[in-house]
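# Remarks on the overall topology
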Amino acid sequence: MNHHHGGTLHELAPLFAIDALDPEERAKFEEHLAGCAQCRAEVAEFAEVSAHLAAGSAQEPPAALRSSVLSAIHGTRQGSGPRSLDRPATDPAPAPVREPAGEPIPLHTRRRRLLLAAAAAAVLLPGAGLAGWALGAQSEQRQQNEAADQQQQRQDRLLAAADLSVQRLDVNGQPTTLLFSGEQDAALFVAQNLPDPGADREYQLWLLEDGTPIPDVHFSGGEVQVWLDGDVSRAGTVALTVEPSGGSTTPTFPLVAAADI
């Protein structure tokens, strides 16, 4: 192993300790670690620094601090090969860190900075390595995207229904819309600026089957887009009331709005 490659591997010691290397980097470093007393000492030092920082962190740090630590790690690794920490698609890549003109920063100083940054990151992300956290964030983003796609597909199916009906309802002076389809057995209530129902109160929708009110979804004011949960195809009317927070099993009169479907 040549000197230059060994120097690069030396810089990976703290990232190895928090499991932030990709498989190829980790395999190379493990091979290097077996014959490098200096790196073994740095891994041990990392544990001491991490323990020291953890002792002073009594509360969850702000997201901005977490982001700055991750950026610091990337910045100190410029030129050390491909990044091992995959960033969620919504995160912009940090700008490259450029050292001021003049003499380059000594290798031991750069390694020390990286060591401290990695130790801080381990404290900011307790119980999980950086790589694991990044994968978790990516997984969460994928789930959010899938949920949004499913919601859009559900709306598309309703709007394409041959028996789609659109009802305009007035709720305390604010226009709202009820879209429903017996064929799709689906109903969607939409409002852009639904008035506040009051302290400890919520709106609730009801399905009336042969005159019997069946409780359905309840929600607050503001921008609203909610699907009814019940059997829309069996109902003859959809009604809206204001109820105590948490909803009711029987409606509180008077009705705020109603639509025959």
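Our structure is the block above this text.
Before going into details, it helps to say that this report is about the structure given with it. (Residues numbered from 1 in each chain as written. Predicted model: local features only at pLDDT ≥ 70, side-chain atom pairs only at ≥ 80, totals over all residues. Heavy atoms only, no water.)

### Quick notes on the overall build of the chain
From N to C terminus, the chain includes 7 helices and 8 strands. Counting the 261 residues in the chain, one finds 39% classified as buried. Carbon and sulfur atoms make up 52% of the accessible area of the chain, which amounts to about 14800 Å² in all. (Helix = DSSP H or I, 4+ residues; strand = E, 2+ residues; numbered from the N terminus. Buried < 20%, exposed > 50% of the residue type's maximum accessible area, 1.4 Å probe, protein only. Areas by Shrake-Rupley, 256 points an atom, 1.4 Å probe, with all protein chains shown as cover.)

### Observations concerning the packing of aromatic side chains
Considering all chains together, one arrives at 2 aromatic pairs under this definition. The structure contains a cluster of three or more aromatic residues connected by ring pairs, namely Phe-189, Tyr-203 and Phe-219. For Arg-154, the ring lying beneath its charged end belongs to Trp-227, and the centroid distance is 4.0 Å. (Phe/Tyr/Trp six-rings, centres within 6.5 Å; stacked < 30°, edge-to-face > 60°. Lys NZ or Arg CZ within 6 Å of the ring centre and 35° of its normal.)

### Some words on the side chain of Glu-243
Along the chain, Glu-243 turns up in strand S7 (residues 237-244). Non-local contacts of Glu-243, meaning those with residues more than four positions away in its chain, are made with Asp-200, Arg-201, Glu-202, Gln-204, Trp-206, Ser-248, Thr-250, Pro-251 and Thr-252. (Contact = heavy atoms within 4.5 Å.)

### Remarks on unusual backbone geometry
In this structure, the amide linkage connecting Phe-253 to the following residue, Pro-254, adopts the cis form with an omega of 5°. Despite not being glycine, Asn-172 has its phi angle at roughly 50°, a positive value. The phi torsion at Asp-200 lies on the positive side, around 55°, for a residue other than glycine. Here Asp-200 is to be found in the loop between strand S3 (186-194) and strand S4 (201-209). Using a relative accessible area of 65% as the deciding quantity, one classes Asp-200 as exposed.

### Here's the deal with the sheet that holds strand S2 (residues 174-181)
In spatial order, the strands read S1-S2-S3-S6; together these 4 strands make up an open sheet with antiparallel pairing. Every interior strand has two partners, whereas the edge strands, strand S1 (165-171) and strand S6 (222-227), have only one. Strand-to-strand, the axes of this sheet are offset by a mean angle of 15°, without reference to chain direction. Relative to S6, S3 is paired through 5 bridges, and the arrangement is antiparallel. (Pairing = 2+ DSSP bridges. Axes fitted to C-alpha atoms, helices over the stretch in contact; angles between N-to-C directions.)

### As for the side chain of Thr-241
Tracing the backbone shows Thr-241 in strand S7. Reaching out from Thr-241, the side chain makes a polar contact with the side chain of Glu-243 at a distance of 2.6 Å. Ignoring sequence-local partners within four residues, the contact set of Thr-241 consists of Glu-202, Tyr-203, Gln-204, Trp-206, Pro-251, Thr-252, Leu-255 and Val-256. (Polar contact = N/O pair within 3.5 Å; in protein donor to acceptor, adjacent residues only side chain to side chain.)

### Topic: the pattern of salt bridges
Under the defined criterion, the tally for this structure stands at 3 salt bridges. Between Glu-24 and Lys-28 there is a salt bridge, and its shortest N-O distance comes to 3.4 Å. Linking Glu-24 with Lys-28, this pair stays in helix H3 (residues 23-33), spanning 4 residues, or about one helical turn. The exposed category is assigned to Glu-24, whose relative accessible area is 54%. Arg-234 is the partner of Glu-209 in a salt bridge, and the nearest nitrogen-oxygen pair spans 3.9 Å. In this pair, Glu-209 sits in strand S4 while Arg-234 sits in the loop between S6 and S7, placing the two residues 25 residues apart along the sequence. Judged by its relative accessible area of 59%, Arg-234 is exposed. (Salt bridge = Lys/Arg side-chain N within 4 Å of Asp/Glu carboxyl O.)

### Remarks on H3
The set of residues buried in H3 consists of Glu-25, Phe-29, His-32 and Leu-33. One side of H3 holds all its buried residues, which, seen down the axis, span an arc of 95°. In H3, those exposed residues whose orientation departs by more than 90 degrees from the buried face are Pro-23, Glu-24 and Glu-31. (Arc of directions from axis to C-beta.)

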